[in-house]
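Topology and contacts: notes
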Amino acid sequence: MGSAKKSSAARTARIEEMRRAEQARERRNRILTVAASVVVVAGLVVGGVVLIQSQSDDGGGSAADDAKSAGKFVTDADGVRAWKGTLGREHVTKSVDYPVTPPVGGDHNPVWMNCDGDVYEDEINPTNAVHSLEHGAVWVTYNGDAPKADVEALAAKVKKTPYTLMSPVDGQKDPIVLTAWGHQRTVTGAADPAVDAFLAKFVQGRQTPEPGAACTNGLSK
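Overview of the structure. (Residues numbered from 1 in each chain as written. Predicted model: local features only at pLDDT ≥ 70, side-chain atom pairs only at ≥ 80, totals over all residues. Heavy atoms only, no water.)

1. Section: helix H3 (residues 148-159)
The periodicity of an α-helix, 3.6 residues per turn, causes residues three or four places apart in sequence to face the same way. Put simply, the rule is: Helical segments are the DSSP runs of H or I of at least four residues, strand segments are the runs of E of at least two, and each set is numbered from the N terminus. Helices are assigned an expected span. That span is 1.5 Å times one less than the residue count. Only protein chains enter the accessibility calculation, which uses a 1.4 Å probe; a residue whose area is less than 20% of its type maximum is buried, one above 50% is exposed, and one in between is partly exposed. Within this analysis, the arc is defined by the directions that extend from the helix axis to the C-beta atoms. By definition, residues are in contact when any of their heavy atoms lie within 4.5 Å.
Compared with the 16 Å implied by 1.5 Å per residue over 12 residues, the 17 Å span of H3 between its first and last C-alpha is a close match. Listing the buried residues of H3 in full gives Asp150, Val151, Leu154, Ala155 and Val158. Down the axis, H3 shows its buried residues gathered within 135° of arc, on one side only. Facing away from the buried side of H3 by more than 90 degrees, the exposed set consists of Lys148, Ala149 and Lys159. Buried residues belonging to H3 abut strand E5 (116-119), strand E6 (138-142), strand E7 (164-168), strand E8 (176-180) and helix H4 (193-202).

2. Focus on the pattern of salt bridges
Note the cut-off: Salt bridge criterion: a side-chain nitrogen from Lys or Arg within 4 Å of a carboxyl oxygen from Asp or Glu.
For the structure shown, the criterion picks out four salt bridges. Across the pair arginine 89 and glutamate 134 runs a salt bridge whose closest N-O atoms are separated by 2.7 Å. On the criterion of sequence distance, the pair formed by arginine 89 in the loop between strand E3 (81-85) and strand E4 (95-96) and glutamate 134 in helix H2 (residues 126-134) is long-range, its members being 45 residues apart. The partner of arginine 89 in a salt bridge is glutamate 210, with the nearest N and O atoms 3.2 Å apart. One end of the pair, arginine 89, is in the loop between E3 and E4; the other, glutamate 210, is in the segment after H4, and 121 residues separate them in sequence. With a relative accessible area of 40%, arginine 89 lands in the partly exposed category. On the basis of relative accessibility, which here comes to 28%, the residue glutamate 210 falls in the partly exposed class. Salt bridges here are not isolated pairs; linked through shared partners, they connect Arg89, Glu134 and Glu210.

3. Here we look at a negative patch on the surface
Heads up, the condition is: Patch definition: residues above 30% relative accessible area lacking any salt bridge, with like charges linked at up to 9 Å and the nonpolar side chains Val, Leu, Ile, Met, Phe, Trp and Tyr linked at up to 5 Å. A 1.4 Å probe and the Shrake-Rupley method give the accessible areas. Residues count as covered only by the protein chains that appear here. Charged residues are defined narrowly, with Lys and Arg counted positive, Asp and Glu counted negative, and His plus the chain ends left uncounted. For this purpose, a charge sits on NZ of Lys, CZ of Arg, CG of Asp or CD of Glu.
Residues Glu121, Asp122, Glu123 and Asp170 make up a contiguous surface patch of negative charge. Along the chain, the position of glutamate 123 falls in the loop between E5 and H2.

4. Concerning the nonpolar core
What counts, and what does not: Here, the term nonpolar core denotes a set of buried Ala, Val, Leu, Ile, Met, Phe, Trp, Tyr and Cys residues that are joined through side-chain atoms within 4.5 Å.
In this structure, Ile124, Trp139 and Leu165 are the most contacted members of the largest nonpolar core, which totals 21 residues. Apart from the residues lying within four places of it in its own chain, the contact partners of leucine 165 are Met113, Asn114, Cys115, Asp118, Tyr120, Ile124, Ser132, Ala137, Val138, Trp139, Val140 and Val158. Grouped together as the second largest cluster of nonpolar side chains are 20 residues, Val138, Ala180, Phe198 and Leu199 included.

5. Regarding the state of the cysteines
Our working rule: In this description, a disulfide is simply a cysteine sulfur pair whose atoms lie within 2.5 Å.
Overall, the coordinates contain one disulfide when judged by the stated rule. The disulfide partner of cysteine 115 is cysteine 215, and the gap between their sulfur atoms is 1.7 Å. Between cysteine 115 and cysteine 215 the sulfur-sulfur dihedral comes to about -90°; the bridge is accordingly left-handed. One end of the pair, cysteine 115, is in the loop between E4 and E5; the other, cysteine 215, is in the segment after H4, with 100 residues separating them in the sequence. The pair cysteine 115 / cysteine 215 is uniform in exposure class, with both members buried.

6. Some points on the side chain of serine 167
This is how it is decided: Any pair of nitrogen or oxygen atoms within 3.5 Å is treated as a polar contact; in protein, a donor-acceptor pairing is required on top of that, and neighbouring residues in sequence qualify only through side-chain atoms on both sides.
When you line up the elements, serine 167 lands in strand E7. Owing to a relative accessible area of 0%, serine 167 belongs among the buried residues under this scheme. In terms of polar contacts, serine 167 uses its side chain to reach the side chain of tryptophan 139, at 3.0 Å. Setting aside residues up to four positions removed in sequence, serine 167 forms contacts with Tyr120, Asp122, Ile124, Trp139, Val140, Thr141 and Tyr142.

7. Quick notes on the sheet that holds E5
Using the following cut-off: One bridge is not enough; two strands pair if DSSP finds at least two bridges between them. Throughout, an axis means a line fitted to C-alpha atoms (over the contacting stretch in the case of helices), and angles, computed between N-to-C directions, take values from 0 to 180 degrees.
The strand order across the open sheet built from seven strands is E2-E3-E9-E8-E6-E7-E5, with neighbouring strands paired in mixed fashion. The outermost strands of the open sheet, each flanked by one partner alone, are strand E2 (71-75) and E5. Sheet twist, expressed as the average angle between the axes of neighbouring strands with direction ignored, equals 20°. The pairing of E6 with E7 spans five bridges and is parallel. Across the sheet, residue valine 140 finds its bridge partner in E7, namely methionine 166. Docked against the sheet, H2 engages E6, E7 and E8, running at close to 140° with respect to E6.

8. Topic: unusual backbone geometry
With omega at -5°, the peptide bond leading from threonine 101 into proline 102 counts as cis. Residue position: proline 102 is located in the loop between E4 and E5. Look at tyrosine 163: it is not a glycine, yet its phi comes out positive at around 60°. When you line up the elements, tyrosine 163 lands in the loop between H3 and E7. With relative accessibility at 19%, the residue tyrosine 163 sits in the buried group. Non-glycine residue glutamine 204 carries a positive phi angle of around 55°. Among the secondary structure elements, glutamine 204 is positioned in the segment after H4.

The values are spatial; any link to function lies outside them.
This is the structure:
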């Protein structure tokens, strides 16, 4: 009889000990859950602050600040206009208000336009083309006043010249313009000797910020 009582008491004590252990485990789990929730909420708050700050920094607009491309053209003896001033080189995913058309450099899209002798029949995004200039390409552009024969002859030349690209730019002032990073000039036509001179000097020329960078595996349209 005494033995049975002792066994019952021991079982009761063991059950009570197990109950206390379970209660302690539940308390630990609640504490861990609360702590994890606090971390998640804090992360969301920080992320929201960073996002708001980022939007505040760029003014919430659609165009990047063009102050990094402040400067002006100075015409060299060979007729090439050289940009005297700063040219930003940040990667941006929004449009950029370039001070000249076509642009000669500045902040640009992270993806370049293919420029391995690529000829585009439609206008291309200037922020992608500027990235091509950074890689040492020459960008041949023309507007609606350019003679068809010159456009076709220039396209044939571009197709045979690595690190070049060609596209229409309706907003440019002159019929035919050649552009490299920080340099630009107009030409009278495809037969103008200045075309070959410009290509010889500026295709992967000394002005190139990133010589040898790829002109393929970018955008093709």
